[in-house]
Amino acid sequence: MRPTYALINLSNLKYNYLQIKKKVKNSKMMAVVKADAYGHGMIKCVEALQSLKNNRPDYYAVALFEEGKELRKSKIVDQPILTFSPFTSDELKEYYRFDLMPTITNADQIKQLSSLKLSKKLKVHVNIETGMGRLGISYKEAVEQIIRLSKIKNVVVDGIYTHFATSDEKDKTYANQQLNRFKKVIEELKFQKIEIGKIHCANSGAIIDMPESYFDMVRPGISLYGYYPSLETSESIKLKPVMSIISEVENVRKIKKGESVSYGRRYIAKNETNIFTVPIGYADGIPRNLTNKIECIISDKKFKQIGTITMDRLMFESGSKLLKTGTNIQLLGKSKSYEINAWDWSKLINAIPYEITCGISKRVPRKYK
Ligand SMILES: Cc1ncc(COP(=O)(O)O)c(C=O)c1O
């Protein structure tokens, strides 16, 4: 069996979830588990959250219809599942079949729903575009459109939401502008006595630093998996990374001064040294741009990665230390004295932890503890 794997610490996932829940007090929790729970494995992560019994999430959210279907088919969730992406009319039957809630993201969908003459109740959430510049009905026409939607027979507006573009930035001016636009839409709909269900907008950045945005429900994603969404948020919630990347020393070799390692000869030994290979590469989701930049942890010591990262393996230098093949190594993980997490990699290549954990490919088995 392949010695490389991603170790998913489900206790840390539950810990993060409960920390967030404590912070948002009475607001409901919609756990965002799209993209295979940001690469951590949706079904196992949801199983862990479901084990929290009375504290388990009130809703789950996915991006794609197919993800929702997979989650419903697992039979571990009886709570509502929201899909963020717009639906297509041929998918609609399946939304009923798998008891999923679509998001209404534009006026055309409202027209479509009205022409379909639904014979059974369909719960939907409406996404209001307040400044993210992506999906949703513009806040300028939201009231009018939602009134139209709520008049369609068998359509039930179970929720209304918006999504922040900058809630994880220190300067909250723009996020507050979005929040105010959203609030105005809600006020007007309430004034007109339109049923809008649950109001939600807080992603991790807003959960951490904008308590005024909690409303009825919050939508944590990256914070569940143990990361702050940016380096600018406060650390008002303590989080523990959920994913470690583990492998082992595969092959050990002594090289002489002047000898090179890997493609492009981007490492040349200054002195005689020992190098070892580790069987994980860019096909597994280790960004090639991290070449010559990262370290690993072995028995509470750090070793430097050297030479171009290749598709299936990467190399490290151990100096005069001769390591045994089969020795366990952590690429992402924690020891007594050290921790290497996805932010450490992200900072080196202008990435974000979302990309790192989502990018760990299917070729890397997930093990759960
Ligand atoms: C609509 C929506 N809500 C919530 C989230 C969760 O955001 P985060 O992972 O920053 O908490 C996402 C993620 O991209 C999203 O698209």
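Residues numbered from 1 in each chain as written. Predicted model: local features only at pLDDT ≥ 70, side-chain atom pairs only at ≥ 80, totals over all residues.

Asks: Where do I start with unusual backbone geometry in this structure?
Replies: Of all residues except glycine, most have a negative phi; of all peptide bonds, most are trans. Residue Lys193 is not a glycine yet carries a positive backbone phi of 60°. Relative to the helices and strands, Lys193 resides in the loop between helix H8 (173-191) and strand E9 (198-202). The exposed category is assigned to Lys193, around which 6 C-beta atoms lie within 10 Å. Positive phi values are uncommon outside glycine, yet Asn292 reaches one of about 65°. (Helix = DSSP H or I, 4+ residues; strand = E, 2+ residues; numbered from the N terminus. Buried ≥ 20, exposed ≤ 12 C-beta atoms within 10 Å, placed from the backbone.)

Asks: Could you clarify how one ought to interpret the site of the ligand in this entry?
Replies: In the vicinity of the ligand, the residues found are Val32, Phe84, His163, Asn203, Ser204, Arg219, Pro220, Gly221, Ile222, Ser223 and Pro229. The residue makeup of the shell around the ligand, split by class, is five nonpolar, five polar and one charged. (Near = placed C-beta within 6 Å. Nonpolar A, V, L, I, M, F, W, Y, C, P; charged D, E, K, R; others polar.)

Asks: Is there a simple way to explain the pairing of strand E17 (residues 301-306) in this structure?
Replies: Two faces belong to every sheet, and in a regular strand the side chains alternate between them. As defined by bridge partners, strand E16 (residues 295-298) adjoins E17 across four bridges and the pair is classed as antiparallel. Counted as the bridge partner of Glu295 is Lys304 from E17. Where E16 folds back on E17, the antiparallel hairpin that results is connected by two residues, among which Ser299 adopts a positive phi of roughly 45°. Sheet topology note: the E17/strand E18 (residues 314-319) ladder contains three bridges and is antiparallel. Counterpart to Ile306 in the pairing with E18 is Met315. (Pairing = 2+ DSSP bridges.)

Asks: Sorry if this is basic, but what is going on with the pairing of strand E2 (residues 28-32) here?
Replies: For E2, a buried count of four out of five residues is recorded, marking the element as mostly surrounded by other parts of the structure. One ladder, built from two bridges, connects E2 with strand E10 (residues 217-218); its direction is parallel. What sits directly across from Lys28, in E10, is Met217. The pairing of E2 with strand E3 (residues 59-62) spans three bridges and is classified as parallel. Paired with Val32 across the strands is Ala61, a residue of E3.

Asks: I tried to follow the domain arrangement of the protein on my own but got confused; where do I start?
Replies: As assigned here, the protein comprises domain 1 (10-225) and domain 2 (243-368). Centre-to-centre separation of domain 1 and domain 2, based on C-alpha positions: 38 Å. The interface of domain 1 with domain 2 comprises nine residues on the first partner and nine residues on the second. By residue class, the composition of the side of domain 1 that touches domain 2 is five nonpolar, three polar and one charged. (Domains from an automatic or database assignment. Contact = placed C-beta atoms within 7 Å.)

Asks: Just checking my understanding: could you explain the packing of helix H7 (residues 142-150) against H8 for this structure?
Replies: Remark: H7 packs on H8, axes separated minimally by 9 Å, with the N-to-C direction vectors making an angle of 45°. Accordingly, the angle class assigned to the pair H7 and H8 is oblique. Helix-helix and strand crossings are classified by hand; for H7 and H8 the assignment is right-handed. Facing Ala142, Val143 and Ile146 of H7, the residues of H8 in contact are Val185, Glu188 and Leu189. Per-class residue counts for the contact of H7 with H8 are five nonpolar, no polar and one charged. (Axes fitted to C-alpha atoms, helices over the stretch in contact; angles between N-to-C directions. Parallel < 35°, antiparallel > 145°, perpendicular 65-115°, else oblique. Left-handed = near helix turned anticlockwise from the far one by under 90°.)

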